[in-house]
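Okay, here's what each chain looks like letter by letter:
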Amino acid sequence: MSRSVTVIGLGYVGLPTAALLASRGIHVRGVDSSAAVRATLTAGRIHIDEPDVGPLVERALREGLFTLHETPPPADVFVIAVPTPLDADRAPMLDHVMDATRALAPALTSGDLVLLESTSPIGTTARIADLLRQLRPELEDLAIAYGPERVLPGRILAELVANDRVAGGLTPEATRRAIAFYRLFVRGAVHGTNAATAEMVKRSDLEGRPLETQV
């Protein structure tokens with residue numbers, strides 16, 4: 001079981017995910033570049049309009065299971081859930097994903113799991129791995145995977161738990177680790193695959209999705 005998780009990006013998917021993990025007794029370090037977001041959460045309020053998330057966040061803060069940070073602290077698992085706004089061709093822009101990868105690199109230790117959840121084109125998970133190899137070449141056993149979310153606004157918390165999930169790693173071990181992570185809070189089936197296939201699953205969902213849930 002993961003002892004600690006750092007969630008980077010506390011938006012419509014990152015914050016409910018962090019709250020769910022904390023409700024399972026896991027120490028969650030929430031990271032957001034916005035000082036206003038961090039201050040709002042520290043005060044026990046939430047900045048998103050999503051049912052049932054607020055009480056979970058308030059309880060996690062009170063119990064010391066959820067802490068707020070400007071930069072990523074060390075953890076067993078790093079979840080990247082930053083926004084990827086769409087360009088004119090409806091292709092996700094990856095600036096925030098790569099910035100998050102650079103930010104978490106100093107906090108990595110041997111054997112950590114890095115899990116990308118942001119909407120991303122095929123090949124992004126491999127790009128993250130390439131960047132981390134450049135930044136931390138001494139870490140040869142990182143597990144890197146992609147786990148697309150498939151949720152609707154207003155039901156995000158419930159759907160994160162109930163919906164089936166796909167988890168695709170760059171290696172079989174990364175896939176195994178990602179599956180084990182999602183089974184901490186997902187009641188639906190968790191299907192293992194490779195990273196490129198998982199990215200393709202997310203791509204098939206892009207058409208018609210509300211922009212505010214593109215993370």
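This text gives an overview of the structure that appears in the document. Along each chain, residues carry numbers from 1 onward, in the same order as the chain's sequence is written. Reporting in this predicted model follows two pLDDT cut-offs: at least 70 for local features of residues, and 80 or more for side-chain atom pairs to be given and counted; totals over whole chains, interfaces and linings ignore these cut-offs and use all residues. With hydrogens and water stripped out, all remaining heavy atoms of the structure feed into the side-chain values.

### Comments concerning the environment of proline 121
Note the cut-off: Numbering of helices and strands runs from the N terminus; a helix is a DSSP stretch of H or I covering at least four residues, while a strand is a stretch of E covering at least two. Whether a residue is buried, partly exposed or exposed follows from its accessible area with a 1.4 Å probe, protein chains only, as a fraction of its type maximum: under 20%, in between, or over 50%, in that order. Here, residues are in contact when the closest pair of their heavy atoms is within 4.5 Å.
Along the chain, proline 121 falls in the loop between β5 (113-116) and α5 (124-135). A relative accessible area of 31% means that proline 121 is categorised as partly exposed. It is 9.1 Å that separates the C-alpha atoms of proline 121 and methionine 93, two residues lying 28 residues apart in sequence. Setting aside its immediate chain neighbours within four residues, proline 121 contacts Pro92, Leu94 and Glu199.

### Some details on the pattern of salt bridges
Put simply, the rule reads: We define a salt bridge as a side-chain nitrogen of Lys or Arg found within 4 Å of a carboxyl oxygen belonging to Asp or Glu.
In the structure shown here, the tally under the stated rule is nine salt bridges. A salt bridge links arginine 3 to aspartate 76; its shortest N-O distance comes to 3.3 Å. Taken together, the residues arginine 3 in the segment before β1 (4-8) and aspartate 76 in the loop between β3 (66-69) and β4 (77-80) connect sequence positions 73 residues apart. Owing to a relative accessible area of 61%, arginine 3 belongs among the exposed residues under this scheme.

### Quick notes on the packing of helix α1 (residues 14-23) against helix α3 (residues 53-62)
Formally: Axis lines are fitted to C-alpha atoms, over the contacting stretch for helices. Their N-to-C directions set the angle, which ranges from 0 to 180 degrees. The labels follow the angle: roughly parallel below 35 degrees, roughly antiparallel above 145, roughly perpendicular from 65 to 115, and oblique for the rest. Whether a crossing is left-handed or right-handed is set by the direction in which the near helix is turned from the far one by less than a right angle, anticlockwise for left-handed and clockwise for right-handed. Each residue is assigned to one of three groups, with Ala, Val, Leu, Ile, Met, Phe, Trp, Tyr, Cys and Pro labelled nonpolar, Asp, Glu, Lys and Arg labelled charged, and all others, Gly among them, labelled polar.
At a minimum axis separation of 9 Å, α1 and α3 run at an interaxial angle of 55 degrees. As summarised for this structure, α1 and α3 are arranged oblique, according to the angle between their axes. In the crossing of α1 with α3, the sense of the turn from one axis to the other is left-handed. Here Leu15, Pro16, Ala19, Leu20, Ala22 and Ser23 of α1 come into contact with α3, specifically with Val53, Leu56, Val57 and Ala60. Split into classes, the residues belonging to the contact of α1 with α3 amount to nine nonpolar, one polar and no charged.

Note that every value here comes from positions in space, so none of it alone points to a role or purpose.
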